[in-house]
Amino acid sequence: FIRPLLPQDEPFLREMLYQAIYVPPGDAPPARSILEQPELVHYIRGWGHPGDLGLVAEAADGSPVGAAWLRLFGAQDPGYGFVDDQTPELSIALLPKARGYGTGSRLMSALLEQARAAGHRAVSLSVSPENPALRLYQRLGFVTVAQAGGSLTMLKELSKGR
């Protein structure tokens, strides 16, 4: 089941932000305090601002297992996948137990449709080239537009098909 991401979901959104941090196989995950860094916390702080769009995937028992969300950033406080202040940046994460079942694809497709309906012309994101999610993003039509600091900035034009 997929439902809208609400302001009261911010604690779960915090967990999803932590899960969205790519950790290469064999590396130790970062301390959770990393989420207090300004360049990360701005992805979730005060969720529900005008322009915020997001969805939560729930398991059959109603517990949240994943989220995908969009937020606009300005040049003064850009996200990792910043393109311009008119292009929202997409973040997505699933709990480990929910990965590999198509939930991410469903969340992304539904959120991209919401973004199109809201009038956005494109959506961006940032991903490590080693992250297996890169294949999902490519399959959904994201293309690499920049590379910096070991990450790819990808863009999906919404006016062209899916």
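Residues numbered from 1 in each chain as written. Predicted model: local features only at pLDDT ≥ 70, side-chain atom pairs only at ≥ 80, totals over all residues. Heavy atoms only, no water.

1. Considering the overall build of the chain
What counts here: Put simply, DSSP H or I for four residues or longer makes a helix, DSSP E for two residues or longer makes a strand, and each gets a number counted from the N terminus. As defined in this context, the radius of gyration uses C-alpha atoms, and a globule is described by 2.2 Å times the residue total to the power 0.38. Under the scheme applied here, a residue whose accessible area is under 20% of the maximum for its type counts as buried, over 50% as exposed, and between as partly exposed, the area being computed with a 1.4 Å probe on protein chains only. It only takes one pair of heavy atoms within 4.5 Å for two residues to be counted as in contact. The accessible surface values rely on the Shrake-Rupley method and a 1.4 Å probe; as for residues, cover is taken only from the protein chains in view. For the purpose of charge, His is not counted, nor are the chain termini; Lys and Arg are scored as positive and Asp and Glu as negative. Where a charge lies is defined by one atom per residue type, namely NZ (Lys), CZ (Arg), CG (Asp) and CD (Glu).
Looking only at helices and strands, one finds 4 helices and 7 strands in the chain. Along the chain, helices and strands appear, N-terminal first, in the series β-α-α-β-β-β-α-β-α-β-β. The C-alpha atoms of the chain give 15 Å as radius of gyration, which agrees with the globular expectation for 162 residues (15 Å, within 12%). Along the longest, intermediate and shortest principal axes, the C-alpha atoms of the chain span 35 × 35 × 30 Å. Split into buried and exposed, the 162 residues of the chain put 43% on the buried side. Considering only residue pairs separated by 6 or more positions, the chain has 60% of its internal contacts joining residues 24 or more positions apart. Split by element, the accessible area of the chain, about 8500 Å² in all, is 55% carbon and sulfur. Charge-centre separation for the chain: the mean point of 15 positive side chains lies 7 Å from the mean point of 16 negative side chains.

2. A look at the pattern of salt bridges
Formally: Whenever a carboxyl oxygen of Asp or Glu lies within 4 Å of a side-chain nitrogen of Lys or Arg, that contact is scored as a salt bridge.
Under the criterion given, the structure shown has 6 salt bridges. The closest approach of N and O atoms between Arg-14 and Glu-36, which form a salt bridge, is 2.3 Å. You can see Arg-14 sitting in helix α1 (residues 10–20) and its partner Glu-36 sitting in the loop between α1 and α2 (38–41), a full 22 residues away along the chain. Among the residues examined, Glu-36 registers a relative accessible area of 45% and is labelled partly exposed. One salt bridge connects Arg-71 with Asp-52, and the closest N-O pair in it is separated by 2.7 Å. Residue Arg-71 is located in strand β3 (residues 64–71), and its partner Asp-52 is located in the loop between α2 and β2 (53–58); the two are separated by 19 residues in the primary sequence. As far as burial versus exposure is concerned, Arg-71 and Asp-52 are alike and both buried. Within the structure, one salt-bridge network assembled from shared partners comprises Arg-3, Asp-9 and Glu-58.

3. Regarding a nonpolar patch on the surface
Quick note on the threshold: Here, patches come from residues exposed beyond 30% relative accessible area and free of salt bridges, joined within 9 Å for like charges and within 5 Å for nonpolar side chains (Val, Leu, Ile, Met, Phe, Trp, Tyr).
On the surface, a nonpolar cluster with roughly 220 Å² of combined accessible area is contributed by Val-83, Val-143 and Val-145. Considering the arrangement of structural elements, one finds Val-83 in the loop between β3 and β4 (89–94).

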